[in-house]
Amino acid sequence: MRPGRARVGRFERLVMNWVARTATIEAVTAVTPSFLQVDLAGEALRGVAWEPGQKIQVLLGGLRLARTYTPISWDGESGKTRLLIWMHGAGPGSDWAAGLTIGDQCQLFGPRPSLSLGKRTGPIVLFGDETSLALACAIARTRNDRPLQLLIESAHPKEVQDALGMSDVVAEHVAEILPGDAHLASLQEHLISSLDQTTSYLLTGRAAAIQTMQRTLREWGADPRQIGAKAYWAAGKTGLD
């Protein structure tokens, strides 16, 4: 059995084939040692309406084992989408991504709503971590009329910069994670300095860090309608959607 795959019964397989989209792995590119760019293609991806910030859920073996990813692009005319996957260590998602080869097939749900960019036309400040880079790339590629400022916490700052550089996206500030979340102070300073009524704030990545940054924005007078938040993961939890 392939890494990252679970056994699937006949009935479950029939349901998956009926309700999920099937795509073929068209290209796999190692961006850095821990970031992988994966191109998917297929008839089931044609004619799809997609917006930056939406998610897909890739089935890794049955309906009960899936991992969520944010596409960085989607071409509904040609039936292609691109993922930027952070392989953070041992786990079903990382194992699946590490074992991909061209020609493999996968099944997925979506795209579905996840984090709305809102209707504002002003600048965007995106806070997050390695799991947020796909969203950053999607915004930069499709909303280049809106200034984008990235504030990133990471245990691997160089890899973050290298991965963003492949998409010509620049991070305003990448803070190396420190014990006790001491690094968040510098990110909070950048966040406060950006406060403006026309700016949208998207808080993503680690749940605990999101709470800290959200509290900071509110304490400094940001309108709650300016803030969008989506936790991609939390300590002690797996498969957070």
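Here, every reference points to the structure presented above.
Report on the accompanying structure. (Residues numbered from 1 in each chain as written. Predicted model: local features only at pLDDT ≥ 70, side-chain atom pairs only at ≥ 80, totals over all residues. Heavy atoms only, no water.)

### Notes on the overall build of the chain
When helices and strands are counted, the chain shows 6 helices and 12 strands. Here the chain, with 241 residues, has 50% of them falling under the buried criterion. Partitioning the intrachain contacts of the chain with sequence separation of at least 6 by distance along the chain shows that 68% fall at a separation of at least 24. (Helix = DSSP H or I, 4+ residues; strand = E, 2+ residues; numbered from the N terminus. Buried < 20%, exposed > 50% of the residue type's maximum accessible area, 1.4 Å probe, protein only. Contact = heavy atoms within 4.5 Å.)

### As for the sheet that holds strand E4 (residues 66–69)
Ordered by their spatial adjacency, 7 strands build an open sheet running E4-E3-E7-E1-E2-E6-E5, and the pairing between neighbours is antiparallel. Only two strands of the sheet have a single neighbouring strand rather than two, namely E4 and strand E5 (73–75). Strand-to-strand twist in this sheet, taken as the mean axis angle between neighbours without regard to direction, amounts to 35°. Bridge count between strand E3 (residues 55–59) and strand E7 (residues 105–112): 4 bridges; the pairing is antiparallel. Bridge assignment links Leu59 to a residue of E7, and that residue is Gln107. The sheet contacts of helix H3 (residues 133–142) involve strand E2 (35–41), E5 and strand E6 (80–86), and relative to E6 the element is tilted by about 140°. (Pairing = 2+ DSSP bridges. Axes fitted to C-alpha atoms, helices over the stretch in contact; angles between N-to-C directions.)

### A short note on the sheet that holds strand E8 (residues 124–128)
Pairing is parallel in the open sheet, where 5 strands are placed in the order E10-E9-E8-E11-E12. One side of each edge strand has no neighbouring strand; the edge strands of this open sheet are strand E10 (173–176) and strand E12 (227–233). Strand-to-strand twist in this sheet, taken as the mean axis angle between neighbours without regard to direction, amounts to 10°. As paired elements, E8 and strand E9 (residues 148–154) share 5 bridges and run parallel to each other. Looking at the pairing, Ile124 lines up with Leu148 of E9. The sheet strands contacting helix H5 (residues 184–193) are E8, E9, E10 and strand E11 (200–206), and the helix crosses E9 at an angle near 170°.

### Here's the deal with the packing of aromatic side chains
By the definition in use, this model includes 2 aromatic pairs. The interplanar angle of 45° and the centroid separation of 4.7 Å between the aromatic rings of Phe35 and Trp86 together place this pair among those described as tilted. Of the two residues, Phe35 sits in strand E2 while Trp86 sits in strand E6, which places them 51 residues apart along the sequence. Exposure class is identical for Phe35 and Trp86. Each is buried. (Phe/Tyr/Trp six-rings, centres within 6.5 Å; stacked < 30°, edge-to-face > 60°.)

### Details of helix H4 (residues 157–165)
Along H4, the residues classified as buried are Glu159, Val160, Ala163 and Leu164. Viewed along the axis of H4, the buried residues span an arc of 130°, placing them on a single side of the element. In the core, the buried residues of H4 are packed alongside E2, E6, H3, E9 and E10. (Arc of directions from axis to C-beta.)

### A short note on the pattern of salt bridges
Summed over all chains, the structure comprises 7 salt bridges. The salt bridge involving Glu43 is made with Arg46; its shortest N-O contact spans 2.9 Å. Take Arg46: its relative accessible area is 39%, and that puts it in the partly exposed class. Taken together, the shared-partner salt bridges in this structure form one network comprising Glu153, Asp181 and Arg206. (Salt bridge = Lys/Arg side-chain N within 4 Å of Asp/Glu carboxyl O.)

All quantities given are derived from atomic positions and should not be read as evidence of function.
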